[in-house]
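Below are the chains, spelled out letter by letter.
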Amino acid sequence: MEGENEVKLHGMWASTYSKRVELALKVKGIPYEYIEEDLRNKSPLLLQYNPVYKKVPVLVHNGKPIAESYIILEYIDETWQNGPRLLPQDPYQRAQIRFWASFIQQQLFGSFYKLISSNGEEQEKAVEEVFEKMNVLEKGMKELLPEGVPEVDGNNSGVLDILVTATFGPYKAHEEVFGLKVLDPEKYPLLFSWVQKLNEIPLVKGVLPPHDKLVALLQFMKQNGLKPSS
Amino acid sequence: MAQVQLFGLWGSPFSCRVEIALKLKGVEYEYIEEDLSNKSPLLLQYNPIHKKVPVLVHKRKPIAESLVILEYIDETWNERNPILPHDPYERATARFWAKFIDEKCIFALWKACWSEEKEREEAAREACEHLQTLEDVLKDKRFFGGDMIGLVDIVANFMGFWLGIIEEATGVKLLTEEKYPKLYKWSEEFVNCSAIKENLPPRDKLLAYMRARYGVSITY
């Protein structure tokens, strides 16, 4: 029926948060209309849908907006129950995934941000912090996945796959622009191999930002002292 | 060993949230008071990453982060007093406001009370903005969760109880009945709610603690 299940996504092509939602929609096979937002000139609709943060992504389902990428992922999983589940059923496993989602968001992204917005000695400290957090994440994922990363394809990806893809998928572009190897295969073998596997999936390839375009944007932002903000 | 243990701190709103949820659900638990200047080996083992309270341990499996714990409690003991609504859109909305309170409100309110004079004006402006947002979210409901307390009410415990005490300790007035009548009324309902009342730290003890620990550094 027309308008029964109208899904729109306000996003931005280079935003890692926006990509999370796109990946989830694609994994679930949910048709949606995508609206590209110019973050320097946000649409009135976006500001109306997300007055608190004024950011992307915002998912609009039958006219009702949902903001904050992780919350959107859980909403998608709870609303479209056919097809692959993004989160496991077991409450303890769900708690662990939520814990790591929060870690990636607050701890890891927090230190990435410090890294790209600091200079000199402060930046050196920030680099140390990034490696420390990556260590924690690698260790945590090893414990969470004692049998290693399961074979992933577009049909069985879960929230963690989505978060890892959106965060690290474009790692080559990050390395090129910032001259720092964060996703080091020797230091973080599990994360590295996981990202390799994910990046091979056609669905992922179709969603992640094009390398050259992303490099150009990141270079521009770096040169102009701009900070990432969705 | 008890099936459910909570590692907490008597004066912590984050710890208190978990106690409220456990009481709401009628879950029996063993409470372990942590000394943050001398953290127990068990706490460090259960929460090696953040080394913080609260940590809930259920059947020997630890869960950290108060929001994560609240959702775990709701999903595990799901027969009574739901903390989150049933409808996915309402759940997303509740989670959004809980996150807003945690990531924006509490810090802004804290800063507005404790910061140096020159920063206080800006901090207060932001804090008041957030209080107005919550006033608008609450509308005419008794609680954020409707007729019964829910996730947002529990997470807003800082506004419901701690804020008033800090205001008294510092002399800063933020959540006034005049400016935010609905939110003010909510805070009174909140502290009188039976599930909440028994789990709040003693007011005098908390006030004394706030005055002692922070009072010295305030210059007016």
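Residues numbered from 1 in each chain as written. Chains lettered and ligands numbered in written order. Predicted model: local features only at pLDDT ≥ 70, side-chain atom pairs only at ≥ 80, totals over all residues. Heavy atoms only, no water.

Details of the overall build of chain A
Looking only at helices and strands, chain A has ten helices and four strands in total. Walking chain A from its N terminus toward its C terminus, one meets helices and strands in the order β-α-β-α-β-β-α-α-α-α-α-α-α-α. Principal axes of the C-alpha set define a box for chain A whose edges measure 60 × 45 × 30 Å. Accessible surface, chain A as shown: approximately 11,300 Å² in total, 50% of it carbon and sulfur. Averaging the positions of the 26 positive and the 31 negative side-chain charges in chain A gives two centres separated by 3 Å. (Helix = DSSP H or I, 4+ residues; strand = E, 2+ residues; numbered from the N terminus. Areas by Shrake-Rupley, 256 points an atom, 1.4 Å probe, with all protein chains shown as cover. Lys, Arg positive; Asp, Glu negative; His and termini not counted. Charge placed at Lys NZ, Arg CZ, Asp CG, Glu CD.)

Quick word on the interface of chain B and chain A
How big an interface is tends to be stated in terms of accessible area lost as the parts join. Counting residues at the interface gives 24 residues for chain B and 25 residues for chain A. Taken together, both faces of the contact between chain B and chain A bury some 2,300 Å²; the carbon and sulfur share is 67%. Counting the surface chain B buries against chain A, the share from its top three residues, Ile49, Tyr89 and Phe96 of chain B, is 27%. Our enumeration of links across chain B and chain A arrives at seven salt bridges. Here Glu75 of chain B ties to Arg94 of chain A by a salt bridge, and the two come within 3.0 Å at their closest N and O atoms. If you look at where chain B meets chain A, you find eleven residue pairs in polar contact (both at pLDDT 80 or more). Elements supplying a minimum of two residues to the side of chain B that touches chain A: β4 (61–64), α3 (66–76) and α4 (88–114) of chain B. (Contact = heavy atoms within 4.5 Å. Buried area = accessible area lost by both parts, 1.4 Å probe. Salt bridge = Lys/Arg side-chain N within 4 Å of Asp/Glu carboxyl O. Polar contact = N/O pair within 3.5 Å; in protein donor to acceptor, adjacent residues only side chain to side chain.)

A word on a negative patch on the surface
Residues and elements named next belong to chain A. On the surface, Glu121, Glu122, Glu124, Glu128 and Glu132 cluster together into a patch of negative charge. Tracing the backbone through its elements, the reader meets Glu122 in helix α5 (residues 120–144). For Glu122, a relative accessible area of 57% corresponds to the exposed category. (Patch = residues over 30% accessible without salt bridge, like charges linked within 9 Å, V, L, I, M, F, W, Y side chains within 5 Å. Buried < 20%, exposed > 50% of the residue type's maximum accessible area, 1.4 Å probe, protein only.)

A look at the packing of aromatic side chains
In this description, an aromatic ring pair is defined by two values, namely the gap between the centres and the angle between the planes. The full count for this structure, using the stated rule, is 20 aromatic pairs over all chains. Ring centres 6.4 Å apart and planes at 75 degrees place the aromatic pair Tyr53 of chain A and Phe100 of chain B in the edge-to-face group. In this pair, Tyr53 of chain A is assigned in the loop between α2 (44–49) and β3 (58–61) and Phe100 of chain B in helix α4, connecting two distinct chains. A centroid spacing of 5.9 Å and a plane angle of 40 degrees characterise the contact between Phe109 of chain A and Phe112 of chain A, whose relative ring orientation is tilted. Placement of both Phe109 of chain A and Phe112 of chain A in helix α4 (residues 91–116) is noted, with a separation of three residues, approximately one turn of the helix. For Phe109 of chain A, a relative accessible area of 14% gives the class buried. An aromatic cluster of at least three residues, connected via ring pairs, comprises Tyr53 of chain A together with Phe96, Trp97 and Phe100 of chain B. (Phe/Tyr/Trp six-rings, centres within 6.5 Å; stacked < 30°, edge-to-face > 60°.)

What to know about the state of the cysteines
On inspection of all chains with the given rule, the structure shows zero disulfides over all chains. With no disulfide of its own, Cys113 of chain B has Cys128 of chain B as its nearest cysteine by sulfur position, at a separation of 10 Å. (Disulfide = S-S within 2.5 Å.)

Points about unusual backbone geometry
With an omega of 0 degrees, the peptide bond running from Val56 of chain A to Pro57 of chain A counts as cis. Its location among the elements puts Pro57 of chain A in the loop between α2 and β3. With an omega dihedral of 0 degrees, the bond running from Val53 of chain B to Pro54 of chain B counts as a cis peptide bond. Structurally, Pro54 of chain B can be placed in the loop between α2 (41–46) and β3 (55–58). Here the phi dihedral of Lys51 of chain B falls at roughly 55 degrees; this positive angle occurs in a residue that is not glycine. Although it is not a glycine, Asn81 of chain B adopts a positive phi angle of roughly 45 degrees. You can see Asn81 of chain B is positioned in the loop between α3 and α4. On the basis of relative accessible area, Asn81 of chain B is assigned to the partly exposed category, the value being 24%.

With respect to the packing of helix α1 (residues 13–25) of chain B against helix α7 (residues 157–170) of chain B
All names here are of chain B. Contact geometry for α1 and α7: axes closest at 11 Å, N-to-C directions at 130 degrees. On the basis of the axis angle, α1 is oblique to α7. Pair α1 / α7 crosses with right-handed handedness. For the pair formed by α1 and α7, the contact residues are Pro13, Cys16 and Arg17 on the first element and Asn157, Phe158 and Trp162 on the second. (Axes fitted to C-alpha atoms, helices over the stretch in contact; angles between N-to-C directions. Parallel < 35°, antiparallel > 145°, perpendicular 65-115°, else oblique. Left-handed = near helix turned anticlockwise from the far one by under 90°.)

Quick look at the sheet that holds strand β4 (residues 64–67) of chain A
Residues and elements named next belong to chain A. Judged by pairing direction, the sheet is mixed, and its four strands sit side by side in the order β2-β1-β3-β4 without closing on themselves. With one partner strand each, in any of the chains shown, β2 (33–36) and β4 form the two edges of the open sheet. Adjacent strand axes in the sheet meet at a mean angle of 20 degrees when their direction is disregarded. Across four bridges, the pairing between strand β1 (residues 7–11) and β2 is parallel. Note that in β2 the partner of His10 across the bridge is Ile35. (Pairing = 2+ DSSP bridges.)

Points about the pattern of salt bridges
Counting across every chain of the model gives 25 salt bridges over all chains. Between Glu138 of chain A and Lys142 of chain A there is a salt bridge, and its shortest N-O distance comes to 3.6 Å. Placement of the pair is Glu138 of chain A and Lys142 of chain A together in helix α5, with a separation of four residues, close to one helical turn. With its nearest N and O atoms 2.7 Å apart, the salt bridge here joins Arg17 of chain B to Asp102 of chain B. Separated by 85 residues along the polypeptide, Arg17 of chain B in helix α1 and Asp102 of chain B in helix α4 bring together distant segments of the chain. For Arg17 of chain B, a relative accessible area of 0% corresponds to the buried category. The network of salt bridges with common partners includes Glu74, Glu78, Arg94 and Arg98 of chain A together with Glu71, Glu75, Arg91 and Arg95 of chain B.

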